[in-house]
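# Summary of structural features
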Amino acid sequence: MGTGVGYKLSRPADAASTWKTTGTAVSSLAGFDSQMKSFMQARGITGGQVAVTYKGRLVLARGYSTSTALTVQPTSLFRVASVSKSFTAAAILKLVQDGKLTMGTKVTSVLDIKPPAGQTRDSRWTSITMWNLLQHLGGWDSALSGDPLFKDATISKALGVPMELHHADLIKYMAGQKLNYAPGTKVAYSNFGYLLAGRVIEKVSGMSYQTYVQQKLLAPLKIKRMASAWTIAKHTGEISYESQYKGKTVLNNSGATVAAPYGTFSMGLHDANGGWLASAPDLVRWAKMFDASSSVLNSTSLGRVWAKPSTGVSNGWYYGLGWAVRPVSGGTGRNMWHFGSLPGNYSLLVRTYNGLSWAALFNRRDDASGKSYTDIDGALWTAANGVKSWPTHDLFSKYF
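Numbers given to residues run from 1 along each chain, matching the order in which its sequence is written. Selection of residues for local features in this predicted model requires a pLDDT of at least 70, selection of side-chain atom pairs for listing and counting requires 80 or more, and totals for whole chains, interfaces and linings are taken over all residues. Excluding hydrogens and water, the side-chain figures rest on all heavy atoms present in the structure.

### Overview of the overall build of the chain
What counts, and what does not: A run of DSSP states H or I qualifies as a helix once it reaches four residues; a run of E qualifies as a strand once it reaches two. Both are numbered from the N-terminal end. The globule rule used for comparison is 2.2 Å times the number of residues to the exponent 0.38, while the radius of gyration itself is calculated over C-alpha atoms. Three labels apply to residues, based on accessible area from a 1.4 Å probe with only protein chains included: buried if under 20% of the type maximum, exposed if over 50%, partly exposed otherwise in between. Here a residue-residue contact requires only that any non-hydrogen atoms of the pair lie within 4.5 Å.
Across its full length, the chain carries 14 helices and 14 strands. Against the compact-globule benchmark of 21 Å for 400 residues, the chain has a radius of gyration of 21 Å, which places it among compact chains. Over its C-alpha atoms, taken along the principal directions, the chain stretches across nearly 65 × 50 × 35 Å. For the chain, with 400 residues in total, the buried portion stands at 55%. Here the analysis covers contacts within the chain between residues at least 6 apart in sequence; of these, 71% occur between residues at least 24 apart.

In structure tokens form, the structure reads like this:
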């Protein structure tokens, strides 16, 4: 998940009283359309998308808009924010599977982690493993010391380097900070841990993070649309993002005020913890990969995805490798999910124990209504539970 703080704007003009849909309407799945419409209209969201699979088949792929100025296709691209973490975790697992790493490999044995001149690195860095990075057990707690992914100006000043920052700047800065906990002792959600995992992928593979994920994970699944998002420019087919906030740019030291989705954070920094662009059909095709061992991830790797961590089980769920995991059905099955949130977008990917998955993407995460965006989770469960008969068609061939 991301956090972004900015200046609040007056409420934007209400979206035009229109409702546009694209993709094939499926009468037995109309509950998904209904829930998406209610959710979006209540919050003034102009662009949304949903995709649903059942027993490995793509049964629904829809784009939605509440604005005459925007048409969202089922394949339109959205920033997916922290849903990106499942791709980063899988990339580490792929390197382990190919004998390039182990899950017990220490991050300091791969990356040269040096603090700023005159500072000393916390000695506990040397015990941080791949497991720790991916299960949010690395020892960093943004609730206590802030999230470095959103401290650009602070880091720029501390290091005496200009913005836009690079990954190496954040790593150097954090190497000079005390860990909040001993690695492996306490779960605390950490974007920085996944930033480090991205750098491990690059160092070990000799490829850029984006290229490795595209070649080793996405290409075998015929997922070709996904790419690393840009901060300002748009990819072909990418939608526009909206927010009620503005803030200072982190792309330079000008102090200029910009719209929150376009420069109050650096998409380049967020690549491995929250930087992917995808469509909802791309995400559910990705979720399908976890149904059975394959050339991408074998059964050993899949087992590691949902392995229970040494600590951090909360109310029956825990953080696996890039997914939140809840054992169900007497422990024989599991529900897996991940939310994503950055200024200008909100995302959810769910994979259930009984052969269902769905993804929902939106082009904003905040609005003047103050309504919760996490409510989309319960809304789509309601839609799924209301289906009387699941379709037998498969739309994957239409989009891949």
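### Some thoughts on the sheet that holds strand β12 (residues 333–342)
Selection criterion: At least two bridges found by DSSP between two strands is the condition for calling them paired.
If you walk across this open sheet you meet the eight strands as β2-β4-β3-β14-β13-β12-β11-β10, and the pairing is antiparallel. This sheet does not close on itself; its edge strands, each paired only once, are β2 (20–22) and β10 (318–319). Pairing geometry for β12 and strand β13 (residues 345–351), over seven bridges, is antiparallel. Considered in β13, the bridge of S341 is made with Y346.

### Points about the nonpolar core
As a reminder, the rule being used: What is meant by a nonpolar core is a set of buried Ala, Val, Leu, Ile, Met, Phe, Trp, Tyr and Cys residues, joined one to another through side-chain atoms within 4.5 Å.
Among the nonpolar cores identified, the biggest contains 91 residues, and I92, W286 and F290 are the most heavily contacted of them. Counting residues per element, this core draws most heavily on helix α2 (residues 85–97), which supplies eight residues. If we ignore the near neighbours within four places in the chain, the residues touching F290 are L297, L302, V305, W306, W323, M336 and R351. Counting 30 residues, the second largest nonpolar core, distinct from the first, contains M40, V50, Y64 and A384.

### Here we look at the side chain of D169
Applied cut-off: When charges are tallied, Lys and Arg are placed among the positive residues and Asp and Glu among the negative ones, while His and the ends of the chain are skipped. By salt bridge we mean one thing: a side-chain nitrogen of Lys or Arg within 4 Å of a carboxyl oxygen of Asp or Glu.
Within the secondary structure, D169 is located in helix α7 (residues 167–175). Buried charge D169 goes without a salt bridge, the closest partner of opposite sign being K172 at 6.4 Å. Once you skip the residues sitting within four places of it in the chain, D169 turns out to touch I155, L159 and V161.

### A look at the packing of aromatic side chains
Rules: Aromatic pairs are defined between Phe, Tyr and Trp rings, using the six-membered ring for Trp, whenever the two ring centres lie within 6.5 Å; interplanar angles under 30 degrees are classed as stacked, those over 60 as edge-to-face, and all others as tilted.
Under the criterion given, the structure shown has 20 aromatic pairs. Measuring from centroid to centroid gives 6.4 Å for W125 and F192, while their planes differ by 85°, and the two rings are edge-to-face. In this pair, W125 sits in the loop between α3 (107–110) and α4 (130–134) while F192 sits in helix α8 (residues 191–205), placing the two residues 67 residues apart along the sequence. A relative accessible area of 1% means that F192 is categorised as buried. Geometrically, the ring pair formed by F290 and W323 is edge-to-face, given 5.3 Å between the ring centres and 75° between the ring planes.

### What about the pairing of strand β3 (residues 47–54)?
In terms of residue burial, β3 counts as a mostly covered element, since seven of its eight residues are buried. One ladder, built from eight bridges, connects β3 with strand β4 (residues 57–65); its direction is antiparallel. Bridge pairing in β4 places V52 opposite L60. Hairpin connection of β3 to β4: two residues between the antiparallel strands, including K55 at a positive phi of 55°.

### Observations regarding the packing of α2 against α8
Keep this limit in mind: The angle between two axes is taken between their N-to-C directions and runs from 0 to 180 degrees, where each axis is a line fitted to C-alpha atoms and a helix contributes only its stretch in contact. Here is the rule for angles: anything less than 35 degrees is roughly parallel, anything more than 145 is roughly antiparallel, 65 through 115 is roughly perpendicular, and the remaining ranges are oblique. Crossings are classed by handedness, with left-handed meaning an anticlockwise turn of the near helix from the far one by less than a right angle and right-handed meaning a clockwise turn. As a working rule, the residues Ala, Val, Leu, Ile, Met, Phe, Trp, Tyr, Cys and Pro are called nonpolar, Asp, Glu, Lys and Arg charged, and the rest polar, with Gly in that last group.
Relative orientation of the contacting elements α2 and α8 amounts to 40°, with a least axis distance of 10 Å. Classified by the angle between their axes, α2 and α8 sit oblique to one another. Here α2 and α8 pass one another in a crossing that is left-handed. In this structure, α2 uses K85, T88, A89, A91, I92 and L95 to contact α8, whose residues at the interface are N191, Y194, A197, G198, V200, I201, V204 and S205. Residue classes in the contact of α2 with α8 are distributed as nine nonpolar, four polar and one charged.

### What about the sheet that holds strand β5 (residues 78–79)?
On the basis of which strands lie adjacent, the open sheet formed by three strands has the order β5-β9-β6 and antiparallel pairing. Looking at the sheet topology across the chains shown, the edges are occupied by β5 and β6 (227–228). Bridging between β6 and strand β9 (residues 276–278) involves two bridges; their strand directions are antiparallel. Bridging across to β9, S228 finds its partner in W276.

### Concerning α8
Test applied: Take the number of residues in a helix, subtract one, and multiply by 1.5 Å to get its expected span.
For α8, which comprises 15 residues, the first-to-last C-alpha distance of 21 Å matches the rise-based estimate of 21 Å (1.5 Å per residue) to within 8%. Across the 15 residues of α8, eleven count as buried, placing the element largely inside the fold. N191, F192, G193, Y194, L195, L196, A197, G198, R199, V200 and I201 are the residues of α8 that are buried. Directly after α8, the chain includes G206, whose backbone phi takes a positive value near 75°.

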